[in-house]
Amino acid sequence: QVQLVESGGGLVQPGGSLRLSCAASGSIFSINAMGWYRQVPGKQRELVAMINSVGRTDYTDSVKGRFAITRDDAKNTVYLQMNSLKPEDTAVYYCNVYITLYGGGNRYFWGQGTQVTVSS
């Protein structure tokens, strides 16, 4: 129906940068909100950043000024540029996309997750 494929995670030193990508494909009529969440073991998944269909963005306080979320609607892709990374940013990052499907209906879809590890 709809597939989300994430890429860009990895190991980076404190102060470094990574760029995550999440590409959606399938029975997509339109994409509404797109976001990134993260989760560490034993904790709830938390919203990191979100961008709506007109480009309005929102960030959790801990990443403001360091992370930037963007989207390319021609490619059905959302990005998360992460700069000045800190060890506490270590987590599995998931993209989440709210899609209107061909044939009707709106649903949220999740990516498979990508590990980001910030360590020296």
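Our structure's up above, just so we're on the same page.
Residue positions are given per chain, counted from 1 along the sequence in the order it is written. Restriction of local features to residues with pLDDT of at least 70 applies here, the model being predicted, together with a cutoff of 80 or more for giving and counting side-chain atom pairs; totals for whole chains, interfaces and linings are based on all residues. Only hydrogens and water are set aside when side-chain values are computed; all heavy atoms of the structure are taken into account.

Enquirer: If you had to explain the packing of aromatic side chains to someone new, which residues and values would you point to?
Expert: Each Phe, Tyr or Trp ring (for Trp, its six-membered ring) is paired with any other whose centre lies within 6.5 Å, and the angle between the two planes then decides the class: stacked below 30 degrees, edge-to-face above 60, tilted in between. Enumeration over the complete set of coordinates arrives at 4 aromatic pairs. When the centroid spacing of 5.0 Å and the interplanar angle of 65° are considered together, the rings of Tyr-37 and Trp-110 count as edge-to-face. With Tyr-37 in strand E4 (residues 28–39) and Trp-110 in strand E10 (residues 106–110), this residue pair connects regions lying 73 residues apart in the sequence. Residues Tyr-94 and Trp-110 carry aromatic rings whose centres are separated by 6.4 Å and whose planes lie at 85° to one another, so their mutual orientation is edge-to-face. In this pair, Tyr-94 sits in strand E9 (residues 91–101) while Trp-110 sits in strand E10, placing the two residues 16 residues apart along the sequence. By relative accessible area, which is 40% here, Trp-110 ends up partly exposed. Each helix corresponds to a stretch of at least 4 residues labelled H or I by DSSP, and each strand to a stretch of at least 2 residues labelled E; elements are numbered beginning at the N terminus. Each residue is assigned to one of three classes by its accessible area relative to the maximum for its type, calculated with a 1.4 Å probe on protein chains only: buried under 20%, partly exposed between the two thresholds, exposed over 50%.

Enquirer: Now, about the pairing of strand E8 (residues 77–82): what can you tell me, with residues and values included?
Expert: Regular strands place side chains that alternate from one sheet face to the opposite one. Most of E8 is tucked away, with 5 of its 6 residues classed as buried. Each pair of strands is called paired provided DSSP finds at least two bridges between the two strands. By the bridge criterion, 6 bridges tie strand E3 (residues 18–26) to E8 in an arrangement that is antiparallel. Considered in E8, the bridge of Arg-19 is made with Gln-81. Strand direction decides the pairing type here: strand E7 (residues 67–72) and E8, joined by 6 bridges, are antiparallel. Residue Asp-72 lies in a different strand from E8, and its bridge partner there is Thr-77. Linkage of E7 to E8, two consecutive antiparallel strands, is achieved through a turn of 4 residues, within which Asn-76 is found at a positive phi near 50°.

Enquirer: Could you give me a rundown of the state of the cysteines, with the residues and numbers involved?
Expert: Count a disulfide wherever a pair of cysteine sulfur atoms falls within 2.5 Å. Evaluation of the coordinates by the stated rule reveals 1 disulfide. Here Cys-22 is linked by a disulfide to Cys-95, with a sulfur-sulfur distance of 2.0 Å. Every disulfide takes its handedness from the sign of the S-S torsion; for Cys-22 and Cys-95 that torsion is 45°, giving right-handed. Within this pair, whereas Cys-22 is found in strand E3, its partner Cys-95 is found in strand E9, the two being separated by 73 residues in sequence. The pair Cys-22 / Cys-95 is uniform in exposure class, with both members buried.

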